[in-house]
Amino acid sequence: MKKFWTKYLKGTVIVRVEGEHAETFLNYCLNHNIHLWDIKRMNEFELELHMFIDDALHIKKALRETGCRLRVIQKNGAPFIIKRMISRGGFIIGMLSFFVIVFLLSNMVWKIEISGADPKTEHHLRKVVNELGIKRGKLLFRLPDPREVQYFVTEKMDEVTWVGVTLDGTTFKFKVVQKELPEEVKVTGPQNLIAKKKAFITDMFIEQGQPKVERNQLVQKGELLVSGNIGKDKNTRTVAAKGKVFGEVWYLTEVTLPLESTFETYTGNNIDKHYLTIFGKNIPIWGYGEVPYEHYQVLEEEKSFRMFKWELPITYLRRDVQESEQVVRNYTEKEAIEKAREMANEEMENQLDDEAKIKSGKILHHTMDNGKVNVSMYYKVIENIVKEQPIIGGD
Amino acid sequence: MARLKQKVKKWMTRSLELPADVVMDLPRITMIGHLHIYIENHKGVKKFTNEELRLNLQQGEVLITGKDFVLKTILPEEILVEGRIIDVRYINIS
């Protein structure tokens, strides 16, 4: 017995066979491999039976040979339903357009919610967001994803410290943290200024306090530079010493650099591949074939679709295959040392604050081992060496 | 000649213990209570009504009587009948 579904898909008919000897018709069908089932006798001259639609269409010969007539009672199965559906086009169009409309509406921006911003900032934020194309009625999958939006908005708006962007269904939510007003100058209690590190003093700018050191003097770490006690004898009082003392400080840095290094660079050739991902399976829609590159890196970008509040298991996936190249870089010893010096300089500059200045940098010595260059650099840096030290127990 | 063949076949089923329905081309009839009857190795329908089914066999006929017969399946070699079976009878068996 065939399964019900295969019968349904093929399409079946219920027919009545009329004839003096309907049994001969049955036997004919048996011998010619025409599948019949559920045969019932209606009356003396009539049999009711089920058969496949394609058999029923080629049965004329059998009827002629057996002297029977055939009447179709009922038509069942998919072919008939499809036929009926086609004839009722409006119904189908309505059904499809319903899904399309719901699908589109589920993938639209309906609301932009901003929280934590004052009206002015909110207005500005709305403008910036509009500029990005996020407006009511825009399709979600044509907009940049929330992370990009967040990056862009944070860049664009100076008055906010941070903007959190999330996409909740059809609502774009912006959480804003506004910048506080600049901190007021803090009132400091009485204090001395002492040396932060061992240095050779080159310059002093004292706003308040009694300098205890002179130019061209070597000071140790923790040595008193500017005293908060001012005045003489009876008129002494303590104030907050303020000022800058610049001193020459020495740094020793070491840089190690391999002579040979490999790294990857993009050649600029790329292939775009587009996929529809259904239940985790990737179905390519554009960009077939093997990747012709020997070395490559793949950047993936995924967009999901929604229906009502659910995310559909169908996503659109774009793969950007970038051809890359292995590049081997070889330095000679001399080049490597030069490079190491540059690196050390850069590192030094990153370490220092804005006021500091590198006076000179010298290579102390360098060694070679295992294909690496070790370079020791000696730096003379002029920087502010002041550190505040509160005076405790003053009057 | 035909008789000799029959005899040989009969002997084979007995001495070699081969199933009789295979060797001698006999029908194999399976019944499930009085509801279903399943006939293999038939040679065509001779008569079919609500109360009776007459099948040709290699030798003679089989007559099944009952009520509300429906031929559930009909294939060149097998037939499945559903209904209330009252009687199964062989006719004209030599």
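Thresholds, definitions, all that
Residues numbered from 1 in each chain as written. Chains lettered and ligands numbered in written order. Predicted model: local features only at pLDDT ≥ 70, side-chain atom pairs only at ≥ 80, totals over all residues. Heavy atoms only, no water. Helix = DSSP H or I, 4+ residues; strand = E, 2+ residues; numbered from the N terminus. Buried < 20%, exposed > 50% of the residue type's maximum accessible area, 1.4 Å probe, protein only. Areas by Shrake-Rupley, 256 points an atom, 1.4 Å probe, with all protein chains shown as cover. Lys, Arg positive; Asp, Glu negative; His and termini not counted. Charge placed at Lys NZ, Arg CZ, Asp CG, Glu CD. Rg over C-alpha atoms; globule rule 2.2 N^0.38 Å. Polar contact = N/O pair within 3.5 Å; in protein donor to acceptor, adjacent residues only side chain to side chain. Contact = heavy atoms within 4.5 Å. Buried area = accessible area lost by both parts, 1.4 Å probe. Salt bridge = Lys/Arg side-chain N within 4 Å of Asp/Glu carboxyl O. Core = buried A, V, L, I, M, F, W, Y, C linked by side-chain atoms within 4.5 Å. Phe/Tyr/Trp six-rings, centres within 6.5 Å; stacked < 30°, edge-to-face > 60°. Lys NZ or Arg CZ within 6 Å of the ring centre and 35° of its normal. Pairing = 2+ DSSP bridges. Domains from an automatic or database assignment. Axes fitted to C-alpha atoms, helices over the stretch in contact; angles between N-to-C directions. Patch = residues over 30% accessible without salt bridge, like charges linked within 9 Å, V, L, I, M, F, W, Y side chains within 5 Å.

Caption draft 1: Examining the overall build of chain B more closely. Regarding its fold elements, chain B presents two helices and six strands. Helices and strands in chain B line up, N terminus first, as α-α-β-β-β-β-β-β. For the C-alpha atoms alone, the extent of chain B along its principal axes is close to 40 × 25 × 20 Å. For chain B, with 94 residues in total, the buried portion stands at 36%. Looking at chain B as shown, the accessible area adds up to about 5,900 Å², and 55% of this sits on carbon and sulfur atoms. Computed over 15 positive and 12 negative side-chain charges, the inter-centroid distance for chain B is 8 Å.

Caption draft 2: Up close: the overall build of chain A. Helix and strand counts for chain A stand at nine helices and 22 strands. Against the compact-globule benchmark of 21 Å for 395 residues, chain A has a radius of gyration of 43 Å, which places it well outside the compact range. Counting only C-alpha atoms and orienting by the principal axes, one finds that chain A spans roughly 145 × 60 × 35 Å. Going through the 395 residues of chain A one by one, you find that 34% of them count as buried. Of the roughly 26,000 Å² of accessible surface on chain A, 53% is carried by carbon and sulfur atoms.

Caption draft 3: Region of interest: the environment of A:H58. Residue and element names in this part refer to chain A. Here H58 is to be found in the loop between α3 (53-57) and α4 (60-66). With relative accessibility at 64%, the residue H58 sits in the exposed group. Through-space distance from the C-alpha of H58 to that of I230 is 121 Å; in sequence the pair is 172 residues apart. Side-chain polar atoms of H58 contact the backbone oxygen of D54, separated by 2.8 Å.

Caption draft 4: Seen up close, the interface of chain B and chain A. Between chain B and chain A, the contact holds 16 residues from the first and 13 residues from the second. Interface area, chain B with chain A, both sides summed: about 1,300 Å², of which 60% is carbon and sulfur. At the boundary of chain B and chain A, one finds one salt bridge. Residue A:D38 is joined to B:K72 by a salt bridge in which the shortest nitrogen-to-oxygen separation is 2.9 Å. Our enumeration of links across chain B and chain A arrives at seven residue pairs in polar contact (both at pLDDT 80 or more).

Caption draft 5: Representation of the nonpolar core. Counting residues in hydrophobic clusters, the biggest one holds 37 residues, and the most contacted among them are A:F25, A:L36, A:I39, A:L49, A:M51, B:L53 and B:L71. Broken down by element, the residue count for this core peaks at six residues, all from helix α2 (residues 22-31) of chain A. In contact with A:I39, other than residues within four places in its own chain, are A:L26, A:L47, A:E48, A:L49, B:F48, B:F69, B:V70, B:L71 and B:I74. If you look at the next biggest cluster of nonpolar residues, it comprises 31 residues, including A:A195, A:L257, A:V375 and A:M377.

Caption draft 6: The side chain of A:S324, seen in detail. Tracing the backbone shows A:S324 in strand β19 (residues 310-330). Those residues in contact with A:S324, other than ones at most four positions away along the chain, are A:E264, A:T265, A:Y266, A:T267, A:H295, A:Y296 and A:Q297.

Caption draft 7: The arrangement of the packing of aromatic side chains in detail. Residue and element names in this part refer to chain A. Applying the stated criterion across every chain yields a total of four aromatic pairs over all chains. Here the aromatic rings of F98 and F99 are separated by 5.3 Å at their centres, their planes lie at 75°, and the arrangement is edge-to-face. Accessibility expressed as a relative area gives 47% for F99, which makes it partly exposed. Ring centres 6.1 Å apart and planes at 20° place the aromatic pair F172 and F174 in the stacked group. A residue is classified by how much of its surface remains accessible, and F172, at 1% relative accessible area, is buried. Take F174: its relative accessible area is 1%, and that puts it in the buried class. Taking NZ or CZ as reference, K10 lies 4.4 Å from the ring centre of F52, over its face.

Caption draft 8: Local environment of the pattern of salt bridges. Residue and element names in this part refer to chain A. Applying the stated criterion across every chain, the model contains 25 salt bridges over all chains. Of the charged contacts in the structure, one is a salt bridge between E18 and R69, with a shortest N-O distance of 3.8 Å. Note that E18 is positioned in strand β1 (residues 12-18) and R69 in strand β4 (residues 69-76), a separation of 51 residues in sequence. Looking at E18, the relative accessible area reads 28%, which means it is partly exposed. If you follow the salt bridges from partner to partner, you end up with D272, E301, R318 and D320 in one network.

Caption draft 9: Expanded view of the pairing of strand β2 (residues 36-43) of chain A. Residues and elements named next belong to chain A. The pairing of β2 with strand β3 (residues 46-52) spans five bridges and is classified as antiparallel. Each residue of the ladder has a partner; that of N43, found in β3, is E46. Between the end of β2 and the start of β3, which pair antiparallel, lie two residues.

Caption draft 10: Quick peek at the domain arrangement of chain A. Under the domain assignment, chain A is made up of domain 1 (4-82), domain 2 (111-178), domain 3 (186-259 + 331-395) and domain 4 (266-326). Centre-to-centre, using C-alpha coordinates, domain 2 of chain A lies 27 Å away from domain 4 of chain A.

Caption draft 11: Region of interest: the sheet that holds β19(A). All names here are of chain A. Pairing in this open sheet of four strands is antiparallel, and the strands run β17-β16-β19-β18 from one edge to the other. Two strands in the sheet have a free side with no partner beyond their single neighbour: β17 (281-286) and β18 (296-307). On average, adjacent strands in this sheet sit at an angle of 40° to one another, irrespective of strand direction. Note: strand β16 (residues 260-278) against β17, five bridges, orientation antiparallel. By the bridge assignment, H274 is partnered in β17 with W286. Packed onto the sheet, helix α6 (residues 89-106) meets β18 and β19 and runs at close to 115° relative to β18.

Caption draft 12: Broad picture of a nonpolar patch on the surface. Residues and elements named next belong to chain A. Together, I81, M85, F91, M95, F98, F99, F308 and W310 make up a nonpolar patch on the protein surface, roughly 840 Å² of accessible area in all. Secondary-structure elements contributing two or more residues to the nonpolar patch are α5 (78-87) and α6. Sort the elements by how many residues they give to the nonpolar patch and α6 lands first, with four residues. When you line up the elements, I81 lands in helix α5. Assessed through its relative accessible area of 31%, I81 is described here as partly exposed.

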